[in-house]
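One-letter residues, chain by chain:
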Amino acid sequence: MSKIFLFSLTAALNPTLLAATTVMLLLPRPKRLLLGYLLGAYTTTIAVGLAIVYWLSGSGTLSTTKRTVSPAIDITLGALALLVAVVVRTGRMARAKERRRDRKGADEPKKTPRWQRSLSKGSARDTFVVGLLLSFPGASYLAALTGIARENLSNGGIVLTVLAVTVVMLALLEIPLISYAVAPAWTPEAIERLKSWFRLHGSRAAVVAATLIGIALIIRGTLAIVT
(Lines give C-alpha, C1' and ligand atoms only; values in the text may rest on other atoms or scores of the structure.)
Protein backbone atom coordinates (compact mmCIF):
# COMPACT_ATOMS: atom_id res chain seq x y z
CA MET A 1 0.00 0.00 0.00
CA SER A 2 2.90 2.37 0.70
CA LYS A 3 4.09 2.01 -2.89
CA ILE A 4 0.65 3.09 -4.11
CA PHE A 5 0.94 6.41 -2.33
CA LEU A 6 4.56 6.75 -3.46
CA PHE A 7 3.30 6.62 -7.03
CA SER A 8 0.58 9.15 -6.17
CA LEU A 9 3.28 11.50 -4.86
CA THR A 10 5.25 11.22 -8.09
CA ALA A 11 2.03 11.81 -10.03
CA ALA A 12 1.56 15.01 -8.01
CA LEU A 13 4.82 16.39 -9.46
CA ASN A 14 2.97 17.59 -12.54
CA PRO A 15 4.47 20.63 -14.32
CA THR A 16 1.23 21.30 -16.21
CA LEU A 17 -0.79 21.36 -13.00
CA LEU A 18 1.74 23.70 -11.38
CA ALA A 19 1.63 26.01 -14.40
CA ALA A 20 -2.17 25.99 -14.46
CA THR A 21 -2.34 26.76 -10.74
CA THR A 22 0.09 29.65 -11.14
CA VAL A 23 -1.90 31.12 -14.04
CA MET A 24 -5.16 30.93 -12.10
CA LEU A 25 -3.65 32.52 -9.01
CA LEU A 26 -2.69 35.57 -11.07
CA LEU A 27 -6.19 36.05 -12.49
CA PRO A 28 -9.18 37.77 -10.87
CA ARG A 29 -11.31 35.56 -8.59
CA PRO A 30 -8.65 32.82 -8.33
CA LYS A 31 -10.57 30.80 -5.75
CA ARG A 32 -13.46 30.19 -8.16
CA LEU A 33 -11.07 29.28 -10.96
CA LEU A 34 -9.11 26.88 -8.77
CA LEU A 35 -12.30 25.26 -7.53
CA GLY A 36 -13.59 24.81 -11.09
CA TYR A 37 -10.34 23.19 -12.19
CA LEU A 38 -10.28 20.97 -9.10
CA LEU A 39 -13.84 19.73 -9.67
CA GLY A 40 -13.02 18.94 -13.30
CA ALA A 41 -9.83 17.13 -12.28
CA TYR A 42 -11.70 15.17 -9.61
CA THR A 43 -14.36 14.12 -12.12
CA THR A 44 -11.91 12.70 -14.64
CA THR A 45 -9.39 11.26 -12.21
CA ILE A 46 -11.88 9.47 -9.96
CA ALA A 47 -14.14 8.19 -12.76
CA VAL A 48 -11.29 6.90 -14.91
CA GLY A 49 -9.42 5.58 -11.88
CA LEU A 50 -12.35 3.53 -10.61
CA ALA A 51 -13.06 2.20 -14.09
CA ILE A 52 -9.47 1.04 -14.54
CA VAL A 53 -9.25 -0.58 -11.09
CA TYR A 54 -12.53 -2.46 -11.51
CA TRP A 55 -11.51 -3.56 -14.99
CA LEU A 56 -8.17 -4.86 -13.74
CA SER A 57 -9.82 -6.58 -10.77
CA GLY A 58 -12.50 -8.27 -12.84
CA SER A 59 -10.58 -9.13 -15.97
CA GLY A 60 -8.51 -11.85 -14.34
CA THR A 61 -5.36 -10.27 -15.74
CA LEU A 62 -3.78 -9.71 -12.36
CA SER A 63 -4.53 -13.13 -10.90
CA THR A 64 -3.40 -15.13 -13.94
CA THR A 65 -0.14 -13.26 -14.36
CA LYS A 66 0.76 -12.61 -10.75
CA ARG A 67 3.78 -14.94 -10.65
CA THR A 68 5.02 -14.45 -14.23
CA VAL A 69 4.16 -11.25 -16.06
CA SER A 70 3.67 -9.08 -12.96
CA PRO A 71 7.30 -9.39 -11.71
CA ALA A 72 8.55 -8.76 -15.23
CA ILE A 73 6.44 -5.60 -15.43
CA ASP A 74 7.80 -4.42 -12.07
CA ILE A 75 11.39 -4.98 -13.18
CA THR A 76 10.79 -3.31 -16.55
CA LEU A 77 9.14 -0.27 -14.98
CA GLY A 78 11.93 -0.10 -12.43
CA ALA A 79 14.57 -0.15 -15.16
CA LEU A 80 12.71 2.58 -17.03
CA ALA A 81 12.55 4.69 -13.87
CA LEU A 82 16.30 4.33 -13.38
CA LEU A 83 16.84 5.24 -17.03
CA VAL A 84 14.79 8.40 -16.51
CA ALA A 85 16.93 9.23 -13.47
CA VAL A 86 20.12 8.81 -15.53
CA VAL A 87 18.78 10.95 -18.40
CA VAL A 88 17.72 13.76 -16.07
CA ARG A 89 20.94 13.54 -14.03
CA THR A 90 23.19 13.80 -17.07
CA GLY A 91 21.22 16.75 -18.42
CA ARG A 92 20.49 15.10 -21.76
CA MET A 93 16.83 16.03 -21.60
CA ALA A 94 17.63 19.69 -21.04
CA ARG A 95 20.19 19.69 -23.86
CA ALA A 96 17.71 18.06 -26.25
CA LYS A 97 15.13 20.69 -25.34
CA GLU A 98 17.69 23.42 -25.97
CA ARG A 99 18.54 21.96 -29.39
CA ARG A 100 14.86 21.90 -30.35
CA ARG A 101 14.53 25.51 -29.27
CA ASP A 102 17.56 26.46 -31.37
CA ARG A 103 16.15 24.72 -34.44
CA LYS A 104 12.89 26.66 -34.12
CA GLY A 105 14.83 29.89 -33.99
CA ALA A 106 15.49 32.21 -31.12
CA ASP A 107 13.41 35.02 -32.63
CA GLU A 108 10.30 32.91 -33.16
CA PRO A 109 7.59 33.96 -30.67
CA LYS A 110 6.52 31.21 -28.29
CA LYS A 111 2.91 30.20 -28.73
CA THR A 112 0.73 30.12 -25.65
CA PRO A 113 -0.84 26.66 -25.15
CA ARG A 114 -4.56 26.52 -25.82
CA TRP A 115 -5.33 25.39 -22.27
CA GLN A 116 -3.53 28.45 -20.90
CA ARG A 117 -5.60 30.70 -23.17
CA SER A 118 -8.75 29.03 -21.83
CA LEU A 119 -7.63 29.62 -18.25
CA SER A 120 -6.92 33.26 -19.02
CA LYS A 121 -10.58 33.83 -19.87
CA GLY A 122 -11.23 33.88 -16.12
CA SER A 123 -14.29 31.60 -16.14
CA ALA A 124 -14.82 28.81 -13.60
CA ARG A 125 -16.68 26.87 -16.29
CA ASP A 126 -13.66 27.07 -18.58
CA THR A 127 -11.31 25.91 -15.84
CA PHE A 128 -13.66 22.99 -15.11
CA VAL A 129 -13.38 21.89 -18.76
CA VAL A 130 -9.58 22.33 -18.73
CA GLY A 131 -9.41 20.27 -15.54
CA LEU A 132 -11.45 17.54 -17.21
CA LEU A 133 -9.22 17.40 -20.27
CA LEU A 134 -5.82 17.68 -18.58
CA SER A 135 -6.41 15.10 -15.85
CA PHE A 136 -6.32 11.80 -17.70
CA PRO A 137 -4.07 9.22 -16.00
CA GLY A 138 -0.34 9.42 -16.49
CA ALA A 139 2.19 6.65 -15.93
CA SER A 140 2.51 7.14 -12.15
CA TYR A 141 -1.26 7.21 -11.60
CA LEU A 142 -1.71 4.08 -13.73
CA ALA A 143 0.96 2.36 -11.62
CA ALA A 144 -0.91 3.39 -8.46
CA LEU A 145 -4.18 2.04 -9.89
CA THR A 146 -2.50 -1.27 -10.72
CA GLY A 147 -1.28 -1.47 -7.13
CA ILE A 148 -4.81 -0.85 -5.83
CA ALA A 149 -6.17 -3.66 -8.01
CA ARG A 150 -3.55 -6.03 -6.61
CA GLU A 151 -4.68 -5.39 -3.02
CA ASN A 152 -7.96 -7.33 -3.45
CA LEU A 153 -9.88 -4.65 -1.55
CA SER A 154 -13.62 -4.51 -1.01
CA ASN A 155 -15.69 -2.14 -3.14
CA GLY A 156 -15.65 0.42 -0.36
CA GLY A 157 -11.92 0.00 0.10
CA ILE A 158 -11.31 0.52 -3.62
CA VAL A 159 -13.37 3.72 -3.66
CA LEU A 160 -11.70 5.14 -0.55
CA THR A 161 -8.20 4.29 -1.79
CA VAL A 162 -8.80 5.83 -5.22
CA LEU A 163 -10.16 8.94 -3.51
CA ALA A 164 -7.12 9.12 -1.22
CA VAL A 165 -4.70 8.72 -4.13
CA THR A 166 -6.57 11.40 -6.06
CA VAL A 167 -6.34 13.83 -3.15
CA VAL A 168 -2.57 13.27 -2.91
CA MET A 169 -2.09 13.52 -6.67
CA LEU A 170 -3.89 16.88 -6.89
CA ALA A 171 -2.11 18.40 -3.89
CA LEU A 172 -0.47 21.06 -6.07
CA LEU A 173 -3.97 22.38 -6.73
CA GLU A 174 -5.60 21.71 -3.39
CA ILE A 175 -2.94 23.30 -1.18
CA PRO A 176 -2.97 26.68 -2.99
CA LEU A 177 -6.78 26.65 -2.99
CA ILE A 178 -6.93 26.12 0.76
CA SER A 179 -4.07 28.51 1.33
CA TYR A 180 -5.64 31.21 -0.82
CA ALA A 181 -8.89 30.90 1.12
CA VAL A 182 -7.05 31.26 4.44
CA ALA A 183 -4.24 33.67 3.49
CA PRO A 184 -4.91 35.35 0.12
CA ALA A 185 -2.09 37.90 0.47
CA TRP A 186 0.61 35.37 1.37
CA THR A 187 -0.20 32.62 -1.17
CA PRO A 188 1.08 34.24 -4.42
CA GLU A 189 4.43 34.93 -2.78
CA ALA A 190 4.63 31.32 -1.60
CA ILE A 191 3.90 30.08 -5.12
CA GLU A 192 6.77 32.18 -6.47
CA ARG A 193 9.11 30.71 -3.86
CA LEU A 194 7.96 27.22 -4.81
CA LYS A 195 8.64 27.91 -8.47
CA SER A 196 12.10 29.19 -7.58
CA TRP A 197 12.77 26.03 -5.56
CA PHE A 198 11.74 23.82 -8.49
CA ARG A 199 13.99 25.80 -10.84
CA LEU A 200 16.94 25.23 -8.50
CA HIS A 201 16.23 21.74 -7.19
CA GLY A 202 13.54 20.24 -9.46
CA SER A 203 15.96 18.08 -11.45
CA ARG A 204 17.60 16.71 -8.31
CA ALA A 205 14.21 15.90 -6.77
CA ALA A 206 13.15 14.11 -9.95
CA VAL A 207 16.37 12.06 -9.97
CA VAL A 208 15.94 11.00 -6.32
CA ALA A 209 12.25 10.10 -6.80
CA ALA A 210 12.86 8.12 -10.00
CA THR A 211 15.82 6.28 -8.44
CA LEU A 212 13.89 5.27 -5.32
CA ILE A 213 10.90 4.09 -7.35
CA GLY A 214 13.11 2.18 -9.78
CA ILE A 215 14.99 0.38 -7.01
CA ALA A 216 11.76 -0.46 -5.15
CA LEU A 217 10.16 -1.91 -8.29
CA ILE A 218 13.20 -3.98 -9.22
CA ILE A 219 13.48 -5.39 -5.70
CA ARG A 220 9.75 -6.19 -5.65
CA GLY A 221 9.91 -7.96 -9.02
CA THR A 222 13.05 -9.90 -8.10
CA LEU A 223 11.58 -11.07 -4.79
CA ALA A 224 8.39 -12.19 -6.54
CA ILE A 225 10.43 -14.31 -8.92
CA VAL A 226 12.73 -15.95 -6.37
CA THR A 227 9.92 -16.66 -3.91
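Let me sum up the structure you'll find in this document. It should be emphasised that the depicted structure is a prediction, and the values quoted were computed from it without experimental measurement.

**Considerations on the overall build of the protein chain**
Phase 1: Counting its regular elements, the protein chain contains twelve helices and zero strands.
Phase 2: Within the protein chain, the fraction of its 227 residues that count as buried is 35%.
Phase 3: Residue pairs in contact within the protein chain that sit at least 24 positions apart in sequence constitute 83% of those at least 6 positions apart.
Phase 4: In the structure as shown, the protein chain presents an accessible area of about 13,500 Å², 66% of it carried by carbon and sulfur atoms.

**Here we look at the environment of Leu50**
Phase 1: When you line up the elements, Leu50 lands in helix H3 (residues 30–59).
Phase 2: For the pair Leu50 and Thr161, spaced 111 residues apart in sequence, the C-alpha to C-alpha distance is 9.8 Å.
Phase 3: Contact partners of Leu50, with chain neighbours within four places excluded, come to Ile158, Val159 and Val162.

**Some points on the nonpolar core**
Phase 1: Core analysis: the largest hydrophobic core is formed by 37 residues, its most contacted members being Met24, Tyr37, Val53, Ile148, Val162 and Leu173.
Phase 2: At eight residues, the largest contribution of residues to this core is made by H3.
Phase 3: Leaving out residues up to four positions away in the same chain, Leu173 has contacts with Leu17, Thr21, Met24, Leu34, Tyr37 and Leu38.

**Details of the side chain of Thr44**
Phase 1: Structurally, Thr44 is set in helix H3.
Phase 2: Dropping the residues within four chain positions of it, Thr44 is found in contact with Gly49, Gly131, Leu132, Ser135 and Phe136.

**Side note on the packing of helix H1 (residues 2–12) against helix H10 (residues 155–169)**
Phase 1: Interhelical geometry of H1 versus H10 gives an angle of 35 degrees and a closest axis separation of 8 Å. Like other packed secondary-structure pairs, H1 and H10 cross with a definite hand, here right-handed. Contact residues: H1 offers Ile4, Phe5, Ser8, Leu9, Ala11 and Ala12, while H10 offers Ala164, Val165, Val168 and Met169.
Phase 2: Residues that form the contact of H1 with H10 fall into these classes: nine nonpolar, one polar and no charged.

**Description of a nonpolar patch on the surface**
Phase 1: The grouping of Ile215, Ile219, Leu223, Ile225 and Val226 at the surface amounts to a nonpolar patch, some 480 Å² of accessible area in total.
Phase 2: Take Ile225: it is sitting in helix H12 (residues 187–226).

**Brief notes about unusual backbone geometry**
Phase 1: Located in the positive-phi region is Asn152, a residue other than glycine, with phi close to 55 degrees.
Phase 2: Mapped onto the secondary structure, Asn152 falls in the loop between helix H9 (139–150) and H10.
Phase 3: Look at Asn152 and you get exposed, because its relative accessible area is 69%.

**Some remarks on the environment of Leu177**
Phase 1: Tracing the sequence through the fold places Leu177 in helix H11 (residues 171–182).
Phase 2: According to the relative accessible area criterion, Leu177 is buried, its value standing at 14%.
Phase 3: As a C-alpha pair, Leu177 and Lys31 span 146 residues in sequence and 6.3 Å in three-dimensional space.

**Let's talk about the packing of H9 against H10**
Phase 1: With their axes 11 Å apart at the nearest point, H9 and H10 run at an angle of 160 degrees to one another. Considering their axes alone, H9 and H10 lie roughly antiparallel with respect to each other. As H9 packs across H10, the resulting crossing turns out to be right-handed. Packed against H9, whose contacting residues are Tyr141, Ala144, Leu145 and Ile148, the element H10 presents Thr161, Val162, Val165, Thr166 and Met169 at the interface.
Phase 2: Taken together, the residues of the contact of H9 with H10 sort by class into seven nonpolar, two polar and no charged.

**So, H9**
Phase 1: The end-to-end C-alpha separation of H9 is 17 Å, in line with the 16 Å expected for twelve residues at 1.5 Å each.
Phase 2: For H9, the set of buried residues is Tyr141, Ala143, Ala144, Leu145, Gly147, Ile148 and Ala149.
Phase 3: Following H9 by one or two positions, Asn152 has its phi on the positive side, about 55 degrees.

**Some points on H10**
Because an α-helix completes one turn every 3.6 residues, residues spaced three or four positions apart along the sequence face the same direction.
Phase 1: Its 15 residues place the ends of H10 21 Å apart at the C-alpha level, agreeing with the 21 Å of an ideal helix rising 1.5 Å per residue.
Phase 2: Of all the residues in H10, the buried ones are Gly157, Ile158, Thr161, Val162, Val165, Thr166 and Met169. Burial along H10 is one-sided: seen end-on, the buried residues are contained in an arc of 165 degrees.

What counts and how
Residues numbered from 1 in each chain as written. Predicted model: local features only at pLDDT ≥ 70, side-chain atom pairs only at ≥ 80, totals over all residues. Heavy atoms only, no water. Helix = DSSP H or I, 4+ residues; strand = E, 2+ residues; numbered from the N terminus. Buried < 20%, exposed > 50% of the residue type's maximum accessible area, 1.4 Å probe, protein only. Contact = heavy atoms within 4.5 Å. Areas by Shrake-Rupley, 256 points an atom, 1.4 Å probe, with all protein chains shown as cover. Core = buried A, V, L, I, M, F, W, Y, C linked by side-chain atoms within 4.5 Å. Axes fitted to C-alpha atoms, helices over the stretch in contact; angles between N-to-C directions. Left-handed = near helix turned anticlockwise from the far one by under 90°. Nonpolar A, V, L, I, M, F, W, Y, C, P; charged D, E, K, R; others polar. Patch = residues over 30% accessible without salt bridge, like charges linked within 9 Å, V, L, I, M, F, W, Y side chains within 5 Å. Salt bridge = Lys/Arg side-chain N within 4 Å of Asp/Glu carboxyl O. Parallel < 35°, antiparallel > 145°, perpendicular 65-115°, else oblique. Expected span 1.5 Å × (residues − 1). Arc of directions from axis to C-beta.

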